[in-house]
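Descriptive structure summary
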Amino acid sequence: MFIFMIVFVGIQFIPTTPNQQEDLLQSNFMNSYKVPQEIQQVLKNSCFDCHSNNTNYPWYNRIQPISWFLEQHIKKGKNDLNFDEFESYSIRKQKNKLKSIANQIEENKMPLFSYTLIHKNSKLTEVEKVKLIDWLYKKQDSINNNIK
Amino acid sequence: MKNLVKYMVVITVISVFTGCKSELKEKNSTETTTEVQAVENTNLNADISKTALLNNFIDSYLVLKNALVNDSEKEAAEAAKLMIIAIDNFDKRLLTDAEKTLFLEIEGTSKEHAEHIVKSDLNHQREHFQLLSEDLIELVDILGTTKTFYSVYCPMYKKKGAFWLSEIQEIKNPYFGSKMLTCGEVKSQIN
């Protein structure tokens, strides 16, 4: 028990890099892709914490090993998809990503269960899922037709 | 008994890996010989030897495709590893600037798909395979091939259906495997 306490206090000193970008006014993605307001809300509530350059951290993020655990999730999330860097992807990659996002939503793989367990309002309702997937397919089509 | 099982597992894994590697090496050396012969036939221009460039990439793709036909998640993961190696070893020197740009783009997305296939379940592997297939078919259209292939379409997969590249005309569906093996239609022949 004593050893556990020492380890627990010790790991609090492990630093982590917060995922936050202060000078980001409005996400470029929302502007460039003319994202409708209701879709913007869904993306912000359910996706952006792991898939953008700005995470809204909960208070318990200050505690290790939770901080490290979250950092790993965010790192992996951003590596697979980062909405703030979406415009820098090739058109091919953008199309691929839009398809992949739709697939993940359809199969309830995203947002992650462990995330929605703690962030209740991030869980997608059936209506939100349909609207989001619909919008994603429309975007793919318009990219195919060379319009954003 | 436990030790014996461990020992057998290790031997099996090693022989599978060396088996796969030596198969690829054999294919590599056959392909290289073909390529060298093509270049040495002086009447043939650069376009002809270009058609052999994609051979390794396509070969690993076909191994992946057949693994999915057989509903084998593990074999698909192994094939994807081979694909990453094939893509890394692709010789870009003979490409024009425009072809190089296209290739580099597809190189990026294909490797990402292959990396995902290595660590995903069968369903997710198939999703990535769909996107990979589209990109490869585009590459094949531009660079050409030394052998005959078929572009096959399955209308039932996802909302809009999906294509795959096949070395045979017989329909063996990688998107549904044993669940719907013969669903599909040859849309075009390449080469």
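Fair warning: this is a prediction, and the values are worked out from it, not measured in the lab. (Residues numbered from 1 in each chain as written. Chains lettered and ligands numbered in written order. Predicted model: local features only at pLDDT ≥ 70, side-chain atom pairs only at ≥ 80, totals over all residues.)

**Section: the overall build of chain B**
Secondary structure summary: chain B contains six helices and three strands in total. Overall, chain B shows an N-to-C arrangement of helices and strands of α-α-α-α-α-α-β-β-β. In chain B, which comprises 191 residues, the share counted as buried stands at 30%. Partitioning the contacts of chain B with sequence separation of at least 6, the portion at a separation of at least 24 is 62%. (Helix = DSSP H or I, 4+ residues; strand = E, 2+ residues; numbered from the N terminus. Buried ≥ 20, exposed ≤ 12 C-beta atoms within 10 Å, placed from the backbone. Contact = placed C-beta atoms within 7 Å.)

**Some details on the nonpolar core**
Counting 34 residues, the largest nonpolar core has Tyr61(B), Leu64(B), Ala76(B), Ala79(B), Ala80(B) and Met83(B) as its most contacted members. When sequence neighbours within four positions are dropped, the list of residues in contact with Ala76(B) reads Leu64(B), Ala67(B), Leu68(B), Ile117(B) and Gln125(B). In terms of nonpolar packing, the next biggest core, distinct from the first, is built from 13 residues, Leu43(A), Phe48(A), Leu98(A) and Ile101(A) among them. (Core = buried A, V, L, I, M, F, W, Y, C linked by C-beta atoms within 7 Å.)

**Side note on the sheet that holds strand β2 (residues 162-166) of chain B**
All names here are of chain B. Read across the sheet, three strands follow the order β2-β1-β3 without closing on themselves; strand pairing throughout is antiparallel. Because the sheet does not close on itself, it has two edges, and the strands there are β2 and β3 (185-190). In this sheet, neighbouring strand axes are inclined to one another by 25° on average, regardless of whether the strands run parallel or antiparallel. Where strand β1 (residues 149-154) and β2 come together, five bridges link them in antiparallel fashion. The partner of cysteine 154 across the bridge, within β2, is alanine 162. Its contacts with the sheet put helix α6 (residues 122-143) on β1, β2 and β3, and the angle it makes with β2 is roughly 55°. (Pairing = 2+ DSSP bridges. Axes fitted to C-alpha atoms, helices over the stretch in contact; angles between N-to-C directions.)

**What about the interface of chain A and chain B?**
Across the contact, seven residues belong to chain A and seven residues belong to chain B. Sorting elements by how many residues they give to the side of chain A that touches chain B places helix α6 (residues 91-106) of chain A first, with five residues. Across the side of chain A that touches chain B, the residue classes break down as one nonpolar, three polar and three charged. (Nonpolar A, V, L, I, M, F, W, Y, C, P; charged D, E, K, R; others polar.)

**Focus: helix α3 (residues 37-46) of chain A**
Residues and elements named next belong to chain A. Residues Val42, Leu43 and Ser46 constitute the buried set of α3. The arc enclosing the buried residues of α3, seen along the axis, measures out at 95°, which places them on a common side. Away from its buried face, by an angle of more than 90 degrees, α3 presents the exposed residues Gln37 and Gln41. The elements touched by buried residues of α3 are α4 (48-51) and α8 (126-144). (Arc of directions from axis to C-beta.)

**Side note on the packing of α6(A) against helix α5 (residues 97-118) of chain B**
Two numbers describe how α6(A) lies on α5(B): the axes approach to 9 Å, and their chain directions differ by 25°. The orientation of α6(A) with respect to α5(B), classified from their angle, is roughly parallel. At the point where α6(A) passes α5(B), the crossing takes the right-handed sense. Packed against α6(A), whose contacting residues are Arg92(A), Lys93(A) and Asn96(A), the element α5(B) presents Glu105(B), Gly108(B) and Thr109(B) at the interface. (Parallel < 35°, antiparallel > 145°, perpendicular 65-115°, else oblique. Left-handed = near helix turned anticlockwise from the far one by under 90°.)

**Brief notes about the confidence of the model for chain B**
All names here are of chain B. In the predicted model, chain B carries a mean pLDDT of 84, and the fraction of residues at 70 or more is 74%. Across chain B, the element-wise mean pLDDT spans from 51 in helix α1 (residues 2-40) up to 98 in β2. For the stretch residues 18-33, pLDDT sits under 50, and the model shows nine contacts to residues farther than four places along the chain or on other chains. Counted against residues more than four places away or in other chains, residues 35-45, with its pLDDT under 50, gives eight contacts. Interface confidence in the predicted complex, given as ipTM, is 0.82; pTM for the same model is 0.78. (pLDDT = per-residue confidence, 0-100.)

**Brief notes about unusual backbone geometry**
Residues and elements named next belong to chain A. Note that the residue after glutamine 64, namely proline 65, is joined by a cis bond; omega there is 0°. Along the chain, the position of proline 65 falls in the loop between α4 and α5 (66-80). Note that the residue after methionine 110, namely proline 111, is joined by a cis bond; omega there is -10°. Along the polypeptide, proline 111 turns up in the loop between α6 and α7 (113-118). A positive phi is found at lysine 34, a non-glycine position, where the angle reads about 45°. Relative to the elements of secondary structure, lysine 34 occurs in the loop between α2 (28-32) and α3.

**Digging into the pairing of β3(B)**
A regular strand carries its side chains on alternate faces of the sheet. All names here are of chain B. Within β3, only zero of the six residues are buried, which leaves it mostly out in the open. For β1 and β3, the ladder comprises five bridges, and the chain directions are antiparallel. Across the sheet, residue serine 151 finds its bridge partner in β3, namely serine 188.

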